[in-house]
Amino acid sequence: ENQTMVRNFILVGFTAGRKLQIFIFVVLLVIYVSIIIGNLVIVTISIVDHGLHVPIYYFIWNLSLLEIGLTSSVIPKVLFNLASGEKTISVIGCFVQFFLYFIFGMTEFLLLAAMSFDRYVAICHPLCYSTIISNRLCSLLVLGSWGLSFALLIGQSVVVFELPFYNQNINHFFCDGAPLVKLSCTETPVLDLVNFSIAVFSLLGTLIIIVLSYANIIFAILHISSTSGRQKAFSTCASHLIVVFISYGSCIFMYVKPIHMGGLDISKGVGILNTVVSPLLNPFIFSLRNRQVQKALQK
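Nothing here was measured: the structure is a model prediction, and the numbers come from that model. (Residues numbered from 1 in each chain as written. Predicted model: local features only at pLDDT ≥ 70, side-chain atom pairs only at ≥ 80, totals over all residues. Heavy atoms only, no water.)

*Asks:* Please explain a nonpolar patch on the surface as it appears in this structure.
*Replies:* Taken together, the side chains of L29, V33, I37, V41 and L297 make up a nonpolar region of the molecular surface, amounting to roughly 380 Å² of accessible area. Sort the elements by how many residues they give to the nonpolar patch and helix α1 (residues 18-48) lands first, with 4 residues. Position of V33 relative to the elements: it lies in helix α1. On the basis of relative accessibility, which here comes to 40%, the residue V33 falls in the partly exposed class. (Patch = residues over 30% accessible without salt bridge, like charges linked within 9 Å, V, L, I, M, F, W, Y side chains within 5 Å. Areas by Shrake-Rupley, 256 points an atom, 1.4 Å probe, with all protein chains shown as cover. Salt bridge = Lys/Arg side-chain N within 4 Å of Asp/Glu carboxyl O. Helix = DSSP H or I, 4+ residues; strand = E, 2+ residues; numbered from the N terminus. Buried < 20%, exposed > 50% of the residue type's maximum accessible area, 1.4 Å probe, protein only.)

*Asks:* Please explain the pattern of salt bridges as it appears in this structure.
*Replies:* Opposite charge on two side chains lets them pair, provided their charged atoms get close. With the rule as written, the count across this model stands at 1 salt bridge. A salt bridge links D118 to R119; the shortest N-O distance between them is 2.7 Å. Each member of the pair D118 and R119 is classed as buried.

*Asks:* Looking at this model, I keep getting lost on the nonpolar core. Mind explaining?
*Replies:* Soluble globular proteins: nonpolar side chains tend toward being buried together. Among the nonpolar cores identified, the biggest contains 74 residues, and F9, L112 and L180 are the most heavily contacted of them. In terms of residue count, helix α4 (residues 91-124) provides more of this core than any other element does, 17 residues in total. Excluding its chain neighbours within four sequence positions, the residues that come into contact with L112 are L63, I210, H240, V243, V244, S247 and Y248. (Core = buried A, V, L, I, M, F, W, Y, C linked by side-chain atoms within 4.5 Å. Contact = heavy atoms within 4.5 Å.)

*Asks:* Before we go on, may I ask you to explain the state of the cysteines in this structure?
*Replies:* Here, disulfide denotes a covalent bond that connects the sulfur atoms of two cysteines. A complete count under the given rule lists 1 disulfide for this structure. Across the disulfide from C94 sits C175; the S-S distance is 2.0 Å. Its S-S torsion of about -125 degrees marks the bond between C94 and C175 as left-handed, since a negative value means left-handed. Of this pair, C94 sits in helix α4 while C175 sits in the loop between β3 (169-170) and α7 (177-182); the two residues are 81 residues apart in sequence, bridging distant segments of the chain. According to the relative accessible area criterion, C94 is buried, its value standing at 0%. (Disulfide = S-S within 2.5 Å.)

*Asks:* Hey, could you run me through the sheet that holds β3 in this one?
*Replies:* Hydrogen bonding along the main chain pairs the strands of a sheet, whether they run parallel or antiparallel. In space, the 3 strands of this open sheet follow the order β2-β1-β3, with mixed pairing throughout. Only two strands of the sheet have a single neighbouring strand rather than two, namely β2 (88-90) and β3. Note: strand β1 (residues 8-11) against β3, 2 bridges, orientation parallel. Along β3, the bridge assignment pairs L11 with I170. Here α4 sits on the sheet in contact with β1, β2 and β3, set at roughly 85 degrees to β2. (Pairing = 2+ DSSP bridges. Axes fitted to C-alpha atoms, helices over the stretch in contact; angles between N-to-C directions.)

*Asks:* What is the right way to read the packing of α1 against helix α2 (residues 55-72) from this model?
*Replies:* A pair of packed helices is characterised by two quantities: the angle between their axes and the separation of those axes. Contact geometry of α1 with α2 gives a least axis separation of 9 Å together with a crossing angle of 155 degrees. The angle between α1 and α2 falls in the class roughly antiparallel. Read as a crossing pair, α1 and α2 show a hand that is left-handed. Of α2, the residues touching α1 (which contributes Y32, I35, I36, N39, L40, I42, V43, S46 and I47) are Y57, I60, W61, S64, L65, E67, I68, T71 and S72. Taken together, the residues of the contact of α1 with α2 break down into 12 nonpolar, 5 polar and 1 charged. (Parallel < 35°, antiparallel > 145°, perpendicular 65-115°, else oblique. Left-handed = near helix turned anticlockwise from the far one by under 90°. Nonpolar A, V, L, I, M, F, W, Y, C, P; charged D, E, K, R; others polar.)

*Asks:* Whenever I open this one, the environment of L52 confuses me. Can you help?
*Replies:* The residue L52 is located in the loop between α1 and α2 in this model. Look at L52 and you get buried, because its relative accessible area is 2%. For the pair formed by L52 and Q292, sequence separation is 240 residues and the distance between their alpha carbons is 7.5 Å. In this structure L52 touches I45, S46, Y57, Q292 and A296, once residues within four positions along its chain are discounted.

*Asks:* How do you make sense of the pairing of β1 when you look at a structure like this?
*Replies:* In regular strands, side chains alternate between the two faces of the sheet. Because side chains alternate across β1, one face comprises the buried residues F9 and L11, and the other comprises N8 and I10, none of which is buried. Two elements, β1 and β2, share 3 bridges in a ladder whose sense is antiparallel. Bridge pairing in β2 links N8 to S90.

*Asks:* Help me out: how do you make sense of helix α6 (residues 135-161) in this one?
*Replies:* One full turn of an α-helix is made of 3.6 residues, so residues set three or four places apart face in the same direction. Taking 1.5 Å of rise per residue, the 27 residues of α6 would be expected to cover 39 Å, and the 39 Å separating its terminal C-alpha atoms lies within 8% of that figure. A maximum bend of about 30 degrees is found in α6 at L153. All of the buried residues along α6 are C138, V142, S145, S149, L153, Q156, S157, V160 and F161. Against β1, α2, α4, α7 and α8 (189-222) lie the buried residues of α6. (Expected span 1.5 Å × (residues − 1). Bend = angle between axes of the 7 residues up to and from the residue.)

Take a look at the structure:
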């Protein structure tokens, strides 16, 4: 009971030798720079090119900003630790990383749900699209996603960092939720339930919206008489579906499970998909599969 609480945590996600750490640093640095450049290109062309001043691209460049924020909340610290050989992170730094990672992540899932609604209206109610999906509604959906994420996470984040931590070693390469809670010497059934409920709401709740939207979209596409019309309708949704598959696949595995189920070593591997692979692929997915974006890039 008289033990002193820790002031710094030690991230033990990477336990490889020094040479391997340097190799990982170089690879990760190249990937991180590519993520920043790729997503900034999407943001820039979506703002500069007037042909892309439509709701779906407003959502896409906001999604790219979220990807930049999500990756930047984790990777720079990992790069610093790999380069310096240190593994420590202050409690305040850990709190900031924890909060930013989850608020960017949750906002992204809410935004993906908003994008599915946009595609639903565009394909199922094309004549009413400009009336329903107005610039004001798009702004409200983006701001609402940010506001709801902040409201749900701020209380949870404060509670997590008020726990008594007596063990320094975080079994991860960043301050994820489950490894942090495991360091506490107290039982946290209420916090575990809250964390699980937030994960279910942000992941499964938004996924239900996406599934329902695309169920109606597929039904509408099947009723299009021409083959070219069906292909065109589906191509407008293909990029979004690929991003949804990648993003939800990793996060549902990581967070929609009771904390006592463990599996942190596997979660570290899945965490790389969420923080590195998905943000890297998104710019290529949206640019390579979209003719309007390709034309804007050529301009």
